[in-house]
Amino acid sequence: MYTDDKQLYIAHCDNGPIYMIGKMANRHGMIAGATGTGKTVTLQVLAESFCEAGVPCFMADMKGDLSGISQPGMMSSFIEKRCPEFGIENPDFHGCPTRFFDVYGEQGHPLRATISDMGPQLLARLLDLNETQTGILNIVFKIADDQGLLLIDMKDLRMMLDYVAKNAREYTTTYGTVSSVSVGAIQRALLALEAEGGEIFFGEPSFNVLDFLQTEGGRGVMNVLAADKLMLNPKLYSTFLLWLLSELYEQLPEVGDLELPKLVFFFDEAHMLFKDTSKALIDKIEQVIRLVRSKGVGVYFITQSPSDIPEIIAGQLGNCVLHGLRAYTPKDQKTVKAAAQTFRTNPNFNTEAAILELGTGEALVSFLDAKGAPCIVERAKILFPLSQIGPITEGQRAALIRNSRLYGIYDKSFDRESAYELLLEQQKQEEKRRQREEEEEEKRLEREAREKEKARSSRSTSTTRKKKSTTRKAVEKTINTTATTFGRQLGKSIFRGILGGIFKK
């Protein structure tokens, strides 16, 4: 519920209305409390207030309940009882301009990102890679960048991993050692993600986060992500939301402190973001949270316990709404005590005891004052939403999707030429080159074989001729010798015959 002096009426306590100052709304915040204490209604009240102020919001809808923000609410006995307490007469029930999104494209406009957009650090978290595997993934991304190869979808990344593994020796000196074992582990992680539906998320057209920053009729558009199915893969859910936040940080210009934020980002089930997350990534998240404020974006974490938020990030959350907590175990009691100590003490009640006594719809509220200092904590009742509490029908959702300005922009995917196609073509050319070389080698071997056979044949012919010549000479010699001997003997015989005849006479 918005007022002209840029204040948002959020809750009511014994001392009167509690306002969030619009200029301090980008200093981030937290809505915490056990299941069933009213966190979703508080989120809806905050979002409505921002909507009326002309501030668009993004929120994840875990159970479909937040879809009701698109429809007008209605009077109930509970609301009728609360109106006099809040000083409200004849509440103006109305819905907010709403757009629905869904990573799987079933309950809203599809939300996609390219592999390059996601980047190696977030992708490593999504794939649950160790430090060595993360290093190799960084190398693969670097090689792809240096060679101008676009990594758009999962087949691009798989092809790139295969390419780098096969050419590891070529890249070792420049980029570092690439282990085929680690590449295999990354490939298996990609297959597991694909089996969980992860390939639907990666592709084009990639979502432009600036489409979240829209207004209609002077009111901020509520961008609602259907997350009931996405929640089945907590890593994908939290990594996806972190990617959206990082994209906002990258694309939005510096604006400093505005009278009102440009966008408010509600991060529901925030504990999933920080569970099993490396210190390096938490430091990165802390940096994004700290710096995105200057881009005019307020981030509000919704979680069951304040202890789910790392201290380095919790210290940046200036606006706090804490619903009731449970203290069944020593660990729970320690959490309650720690939560109480984060508030600026109110002498009128015991903060720690109040945390355990709060009923549904009640909360401890502390917003930043005009100078940016935390106000004294107040025990208060959260206002009721003016929009519908609970889910809408499938028909209502379908009509809102068809009438959205974004209808048709992201609904059909396409696959342009990227690393997969280029490397596949490169492999084909390489295969053709190898075939040509093999064919040329076969021809060379055949040519050499023919030359050797010709040489052998030539040598054989020469040897035969020599043998024939030798034989002929031997025969001729024998004939000559025989003829000479025969002539000599014949001559002797004739000579003896002649002499003998003379002497006889």
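Everything here concerns the structure above.
Residues numbered from 1 in each chain as written. Predicted model: local features only at pLDDT ≥ 70, side-chain atom pairs only at ≥ 80, totals over all residues. Heavy atoms only, no water.

Student: In this structure, what is going on with helix α2 (residues 77-86)? I would like to understand it.
Tutor: Within an α-helix, residues lying three or four positions from one another point in the same direction, as the helix has 3.6 residues per turn. Along α2, the positions that sit buried rather than exposed are I79, R82, C83 and F86. End-on view of α2: buried residues confined to an arc of 120 degrees, all on one side of the axis. The outward face of α2, more than 90 degrees from its buried face, is lined by the exposed residues S77, E80, K81 and P84. The inward-facing, buried residues of α2 contact β2 (7-13) and β15 (378-382). (Buried < 20%, exposed > 50% of the residue type's maximum accessible area, 1.4 Å probe, protein only. Helix = DSSP H or I, 4+ residues; strand = E, 2+ residues; numbered from the N terminus. Arc of directions from axis to C-beta. Contact = heavy atoms within 4.5 Å.)

Student: What exactly am I supposed to notice about the pattern of salt bridges here?
Tutor: Oppositely charged side chains can pair when the atoms bearing their charge come close. Within the structure shown, the criterion is met by 23 salt bridges. Residues E204 and R416 are paired through a salt bridge, measuring 2.8 Å at the closest nitrogen-oxygen approach. Here E204, found in the loop between α7 (180-195) and β8 (215-216), pairs with R416, found in the loop between α14 (394-402) and α15 (419-504); they are 212 residues apart in sequence, far enough to count as distant. Taking the relative accessible area as the measure of exposure, R416 reaches 41% and is therefore partly exposed. Here E430 and R434 are joined by a salt bridge, their closest N and O atoms 3.8 Å apart. (Salt bridge = Lys/Arg side-chain N within 4 Å of Asp/Glu carboxyl O.)

Student: What am I meant to see in unusual backbone geometry here?
Tutor: It is generally the case that most residues other than glycine have a negative phi and that most peptide bonds are trans. Residue P205 follows E204 across a cis peptide bond; omega there is 5 degrees. In this fold, P205 is placed in the loop between α7 and β8. Despite not being glycine, H28 has its phi angle at roughly 70 degrees, a positive value. Tracing the sequence through the fold places H28 in the loop between β3 (16-21) and β4 (29-32).

Student: Help me out: how do you make sense of the packing of aromatic side chains in this one?
Tutor: The geometry of two aromatic rings is summed up by the distance between their centres and the angle between their planes. Tallied over the entire structure, the rule returns 20 aromatic pairs. Here the aromatic residues F58, F101, F207, F212, Y237, F265, F267, F274, F301 and Y410 are joined through ring pairs into a cluster of three or more. Sitting over the ring of Y420, K155 keeps its end group 5.5 Å from the ring centre. When the ring centre of F100 is taken as origin, the NZ or CZ atom of R397, which lies over that ring, is 4.5 Å away. (Phe/Tyr/Trp six-rings, centres within 6.5 Å; stacked < 30°, edge-to-face > 60°. Lys NZ or Arg CZ within 6 Å of the ring centre and 35° of its normal.)

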